[in-house]
Structures are given as structure tokens and as C-alpha cells.
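Architecture at a glance
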Number of protein chains: 2
Amino acid sequence: MGTVSFRLGLLGVAQDALYASRLASLELKPKHVALLCILRLRAAGSQMELAGLLGVAPSLVVLLADHLEERGAIQRVRDPADRRRQSLRLTEKGLRLLASATEVAAELDEELAAALPAADRAALSTALDRLLAASPHRS
Amino acid sequence: MGTVSFRLGLLGVAQDALYASRLASLELKPKHVALLCILRLRAAGSQMELAGLLGVAPSLVVLLADHLEERGAIQRVRDPADRRRQSLRLTEKGLRLLASATEVAAELDEELAAALPAADRAALSTALDRLLAASPHRS
DNA sequence: CCCGGCCGTGCAGCGCATGAATGATTCGGC
DNA sequence: GCCGAATCATTCATGCGCTGCACGGCCGGG
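The structure reproduced in this document is the subject of the present report.

What counts and what doesn't
Residues numbered from 1 in each chain as written. Chains lettered and ligands numbered in written order. Predicted model: local features only at pLDDT ≥ 70, side-chain atom pairs only at ≥ 80, totals over all residues. Heavy atoms only, no water. Contact = heavy atoms within 4.5 Å. Buried area = accessible area lost by both parts, 1.4 Å probe. Salt bridge = Lys/Arg side-chain N within 4 Å of Asp/Glu carboxyl O. Polar contact = N/O pair within 3.5 Å; in protein donor to acceptor, adjacent residues only side chain to side chain. Helix = DSSP H or I, 4+ residues; strand = E, 2+ residues; numbered from the N terminus. Axes fitted to C-alpha atoms, helices over the stretch in contact; angles between N-to-C directions. Parallel < 35°, antiparallel > 145°, perpendicular 65-115°, else oblique. Left-handed = near helix turned anticlockwise from the far one by under 90°. Nonpolar A, V, L, I, M, F, W, Y, C, P; charged D, E, K, R; others polar. Near = heavy atom within 4 Å. Least-squares fit on C-alpha atoms with pLDDT ≥ 70 in both. Buried < 20%, exposed > 50% of the residue type's maximum accessible area, 1.4 Å probe, protein only. Pairing = 2+ DSSP bridges. Phe/Tyr/Trp six-rings, centres within 6.5 Å; stacked < 30°, edge-to-face > 60°.

1. Here we look at the interface of chain B and chain A
Listed per partner, the contact involves 42 residues of chain B and 42 residues of chain A. Between chain B and chain A, roughly 4100 Å² of surface is buried when both sides are summed, and carbon and sulfur atoms account for 77% of that area. Of all residues in chain B, the largest losses of buried area upon contact with chain A belong to B:Met1, B:Arg7 and B:Leu11, amounting jointly to 16% of the total for that side. There are 4 salt bridges connecting chain B and chain A. A:Arg130 is paired through a salt bridge with B:Asp120; the nearest N and O atoms lie 2.2 Å apart. Summed over the shared surface of chain B and chain A, the number is 12 residue pairs in polar contact (both at pLDDT 80 or more). For the side of chain B that touches chain A, the elements supplying multiple residues, two or more each, are α1 (4–22), α2 (30–41), α5 (92–113) and α6 (118–134) of chain B. Here the side of chain B that touches chain A gets 13 residues from one element, more than from any other, and that element is α1(B).

Structure follows, in C-alpha cells:
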């Protein structure tokens, strides 16, 4: 199996599971972090838009947002221009929560780095960046 | 989110889902391919061992092996030395099936390569190799 | 020979995610 | 200005992958 995509899938799924377990103490899942991450750099217009960016069904965004709202990490604000839409806003608490989640990911990075020469680390990072930028649901 | 692990997880999960959908025509899932892949380069001693290598529960290996056996891709052979164990053997048909699955993955690689300079491609490949080699369930 | 432990297997349950149905809201045609 | 079609958020029922547990067959030491 010399294919990149297959190995990328294997490692990615494993990494996702690992990250999920480490995230348990924060009572979050990777998908929640992804949502917060998107909100941080581009304030979302609607949940539909988020569903597209995340690549999941709109009904799932509802559940994710519910959980984050209960936690006080985000606010649901009815768009005054179009009262069907809910604009999700990141709160201070949400920003701190995202920082904690990022911290956890940084710890994983260190463990990953232990098995990877510094040169490979940088190359991997830029490669992932470019793939993510070209990905259908970019973030 | 500058962390490598998080982006690796995102892309990996997406790639896995994409690969799964492309694999539908072969009536296989990525986990099946992973199993075949392991069998190809190290003939497995027991299903327990495979469960460890795949990082899944032993009862799942049963289902995966069932499906592959019905397809004639593998054979279950009772280990004569220890009749509790089942030695899984890759058949000719299984080898061809794995080749088809690899072909599908290669097509995905081309699509991936379209968004990635050749230099990055090679760097990504070696990085994934090293991470996989250092991974708890190495294959 | 028997008993504790391991292997494979069947089964029930859990969690994530989807798709269809509902209700509220907006927009376009006339 | 009104009415039907389209859109958004939400809920619910469903499917599916995976796990944990219990059972039966099989091994090795006492």
C-alpha cells in the first residue's frame, strides 16, 4: 500500500480517535472543536453555511451548537435581516475553551514530533495546509 | 489551529469517508482493505493479533473476516498447533481484490496530487511512512 | 484429570450521523 | 398586497459501525 490517501486515512482516523479521548476531560469532541475553530476566524452567517464547511448534515450542526451553547461557548443570535437564520457568535468563554482544546492538540503534536525529524514535521505541516486549503469544505 | 494532529485528523477522517464511498463498488470498506493489507505482508497468526494491529475489538475482526471469507478473499484455517486459533490466509482472489482496492486508492492519490506540488507529495509520503512505523498498531 | 485462562463467536446495546417531516420565515410572481 | 414555493432551524426515527459481555471450545499446569 504505497498510496498516500490510504495511509492518510489510517493515521487520520487513529489521530481523530486519540484526540477525542484526550478531549473527554473538556467534554468536547473533535467536531465541536472544528466548529469553534471556524467561528474564530470567520464569524458564521448561518448554521447551513457551517454544515457545508464542516461537511456534515445541518441537523448535526444543531446538536453541536446545542452542546456548545449549554456550555456558554457560543451564542445563538437571530439574524435581524433574515429571522430564519441563526448567527452563531463565539463568546469569551468559548475562546478560552478553544484555547484549552488547542492546548490538548499541541500535546499530541509533541508526541507526534517525537517520532518525526524536525524537517519532516515542517514539510508535513505545510502539506496538510495546502491540502486543507484545496479541500471542498475549506476552513 | 496550527496543530498538526488536528489537521491530520480532519483530513484523515474526510479521506477515509471518501475512500469508503469510492470503495462501495467493490463492496468493501477501508477496514477490510486494512486487513487484507496486513495479511499480504505478514501472514497473520491469529485474529486476536489482527485485532491488535488494526486497533479494533476482536469481535469486529470476526465480522470483517466473515465478509472477506464469503467473498473468497481469505481462508480460515485452524492452526493445527493450537486449534483455538484461526490462521487467516490470503487467497489469489483476495490478492486481486486488494489490487483493485489499491487501484481505487491510487486514483484518489492523483486527485490529491492535483492540489499538491511534487516536492510536497514526496515529503508527505515519507512523513506518513515514519508516523505509521512509529504508530502503536504498526502495519 | 481438572481447573483457570485464552481464542473465536454470537448477541445486545451505545453513540454518531443521516434523512424525512414539521414549523417558522422570507421571497417572487401577479 | 397576497399566495404559493423555497429556505432555515429543529425534531424524530432510523441505520450503521463498533464495543462489551457471555458462551463454548480448546490449551497448559498442577
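2. What about the packing of helix α1 (residues 4–22) of chain A against α6(B)?
Direction vectors running N to C along α1(A) and α6(B) enclose 40°, while the axes themselves pass 10 Å from each other. Classified by the angle their axes make, α1(A) and α6(B) are oblique. Relative to α6(B), α1(A) is oriented so that their crossing is left-handed. Residues A:Val4, A:Arg7, A:Leu8 and A:Leu11 of α1(A) form the contact with α6(B), whose own contacting residues are B:Leu124, B:Ser125, B:Leu128, B:Asp129, B:Leu131 and B:Leu132. The residue inventory of the contact of α1(A) with α6(B), partitioned by class, reads 7 nonpolar, 1 polar and 2 charged.

3. Description of the protein's contact with DNA strand C
The local shell around DNA strand C holds 18 residues, among which A:Lys29, A:Lys31, B:Met48, B:Arg76 and B:Gln86 are the closest. At the protein interface, 76% of the atoms of DNA strand C within 4 Å belong to sugar or phosphate. B:Gln47 places a polar main-chain atom, nitrogen or oxygen, 2.8 Å from a phosphate oxygen of DNA strand C. At 2.8 Å from a phosphate oxygen of DNA strand C is found a side-chain nitrogen or oxygen belonging to B:Gln86. Looking at the surface near DNA strand C, the elements with two or more residues in it are α4 (58–70) of chain A together with α3 (47–54) and α4 (58–70) of chain B. A class-by-class count of the residues in the surface near DNA strand C yields 5 nonpolar, 5 polar and 8 charged.

4. Structural notes on the pattern of salt bridges
Residue and element names in this part refer to chain A. Counted under the stated rule, the structure contains 18 salt bridges over all chains. For Glu-27, the salt bridge is made with Arg-71, and the minimal N-O distance between the two is 2.2 Å. In this pair, Glu-27 is assigned in the loop between α1 and α2 (30–41) and Arg-71 in the loop between α4 and β1 (74–78), connecting sequence segments 44 residues apart. What emerges from the salt-bridge pattern is a single network uniting Asp-66, Glu-69 and Arg-76.

5. What about the protein's contact with DNA strand D?
In the neighbourhood of DNA strand D, 18 residues make up the surrounding shell, with A:Met48, A:Arg76, A:Arg84, B:Lys29 and B:Lys31 lying closest. The sugar-phosphate backbone supplies 74% of the atoms of DNA strand D found within 4 Å of the protein. Side-chain polar atom of B:Lys31 to a phosphate oxygen of DNA strand D: 2.2 Å apart, as the coordinates give it. When residues of the surface near DNA strand D are traced back to their parent elements, those giving at least two are α3 (47–54) and α4 of chain A together with α4 of chain B.

6. Describing the relation of the copies chain B and chain A
For these two chains of identical sequence, chain B goes onto chain A by a turn of 180° and a shift of 0.0 Å along the axis, with RMSD 0.1 Å. In short, the pair behaves as if placed about a two-fold rotation axis. Within chain B, B:Gly12 has its C-alpha nearest the rotation axis, a separation of 1.8 Å. A share of 100% of the interface residues of chain B reappears at the interface of chain A, consistent with the copies meeting face to face through the same patch.

7. Topic: the pairing of strand β2 (residues 86–90) of chain A
Residue and element names in this part refer to chain A. Where burial is concerned, most of β2 is hidden: 4 out of the 5 residues are buried. Relative to β2, β1 runs antiparallel, the two being bridged by 5 bridges. Looking across to β2, one finds that Gln-75 is bridged to Arg-89.

8. Quick notes on the packing of aromatic side chains
A complete count under the given rule lists 2 aromatic pairs over all chains for this structure. Ring plane angle 70° and centroid distance 5.9 Å describe the contact between A:Phe6 and B:Tyr19, whose orientation is recorded as edge-to-face. A residue pair is termed interchain when its members come from two chains, as with A:Phe6 in helix α1 and B:Tyr19 in helix α1. Each of the two residues, A:Phe6 as well as B:Tyr19, counts as buried.

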